[in-house]
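Reading the structure
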Amino acid sequence: ASHRNEDGSCTAMVFAPLLTLAVAYATAPNAGSLAISRSALTTRAAPCMIGNLGDSMKKAQEMMKNISPEKIKKAQEMSLKMQDLQKELAATEIECKSTDGKITVIYTGQSVPLSIKVEQDAMSASAEDLSESLTNALKQAFVNSRKHADGRMMELYDEAGLGDLLRMQQQQQQ
């Protein structure tokens, strides 16, 4: 495809898959061996001007110089650990009881409510008291679930040497 500029000149355009291929080839440690996923070649994205392709490739090469194979491997390991943690949190049940112990709320480690159990004798309370007790148990279960997930996430980040980054991000959010 091509694009006509305001001055009437033509600039050829290349879709993102070709740019992906070119950047990957240019930045491959061993240009003789290159693997590109099929999805990368079939993904359609905003077009890129060929005139800027050389600059983009140079920038990509410069960025890749700063990323060692060890860092790439570490990032891949971290990604797998994050996936495992998400599975773990989905399977974790966090239980919270109301202050009188008559209502039990269970959330997953991902803060998804699983169940609410109300004891029969809790039904003798007024609707207002029962609602307040249930609301408080739900809120506390959510907070406990978030604290658990945050704690597990912090362990993972500490293991990777990135705990300070996560703490700084959490402080900025508060």
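These figures come from a predicted structure and were not determined experimentally.

In this structure, Met78, Leu85, Leu89, Ala149, Met153, Met154, Leu156 and Leu166 together form the largest nonpolar core, which totals 8 residues. The element that contributes the greatest number of residues to this core is helix α5 (residues 127–159), accounting for 4 residues. Excluding its chain neighbours within four sequence positions, the residues that come into contact with Leu166 are Met153, Met154 and Tyr157. Ranked by size, the runner-up nonpolar core spans 6 residues in total, among them Cys96, Ile103, Tyr107 and Ala137.

The end-to-end C-alpha distance of α5 is 48 Å, a good match for the 48 Å that 33 residues give at a rise of 1.5 Å each. Buried within α5 are the following residues: Ser133, Ala137, Ala141, Ser145, Ala149, Met153, Met154 and Leu156. Residues of α5 that are buried make contact with α4 (69–91), β4 (93–97), β5 (103–108) and α6 (163–173).

Each aromatic ring pair is described using two quantities: the centre-to-centre distance and the angle formed by the ring planes. Counted by the stated rule, this structure contains 1 aromatic pair. Between the aromatic rings of Tyr107 and Phe142, the centroid separation amounts to 6.3 Å while the plane-to-plane angle is 70 degrees, which identifies the pairing as edge-to-face. Of this pair, Tyr107 sits in strand β5 while Phe142 sits in helix α5, and the two are 35 residues apart along the sequence.

Here we take up the side chain of Ser145. Relative to the elements of secondary structure, Ser145 occurs in helix α5. At 3.1 Å, the side chain of Ser145 and the backbone nitrogen of Ser111 are in polar contact. What Ser145 contacts, discounting residues up to four positions off in sequence, is Ile94, Tyr107, Thr108, Gly109, Gln110 and Ser111.

A separate point is the pattern of salt bridges. The tally for this structure, following the rule as stated, stands at 8 salt bridges. Two residues, Arg146 and Asp150, come together in a salt bridge whose shortest N-O distance is 3.3 Å. With Arg146 and Asp150 both in helix α5 and 4 residues apart, the pair spans about one turn of that helix. Residue Arg146 is classed as partly exposed on the basis of its relative accessible area of 32%. In this structure, Asp158 and Arg167 form a salt bridge, with 3.0 Å as the shortest nitrogen-oxygen distance.

The rules behind the values
Residues numbered from 1 in each chain as written. Predicted model: local features only at pLDDT ≥ 70, side-chain atom pairs only at ≥ 80, totals over all residues. Heavy atoms only, no water. Core = buried A, V, L, I, M, F, W, Y, C linked by side-chain atoms within 4.5 Å. Buried < 20%, exposed > 50% of the residue type's maximum accessible area, 1.4 Å probe, protein only. Helix = DSSP H or I, 4+ residues; strand = E, 2+ residues; numbered from the N terminus. Contact = heavy atoms within 4.5 Å. Expected span 1.5 Å × (residues − 1). Phe/Tyr/Trp six-rings, centres within 6.5 Å; stacked < 30°, edge-to-face > 60°. Polar contact = N/O pair within 3.5 Å; in protein donor to acceptor, adjacent residues only side chain to side chain. Salt bridge = Lys/Arg side-chain N within 4 Å of Asp/Glu carboxyl O.

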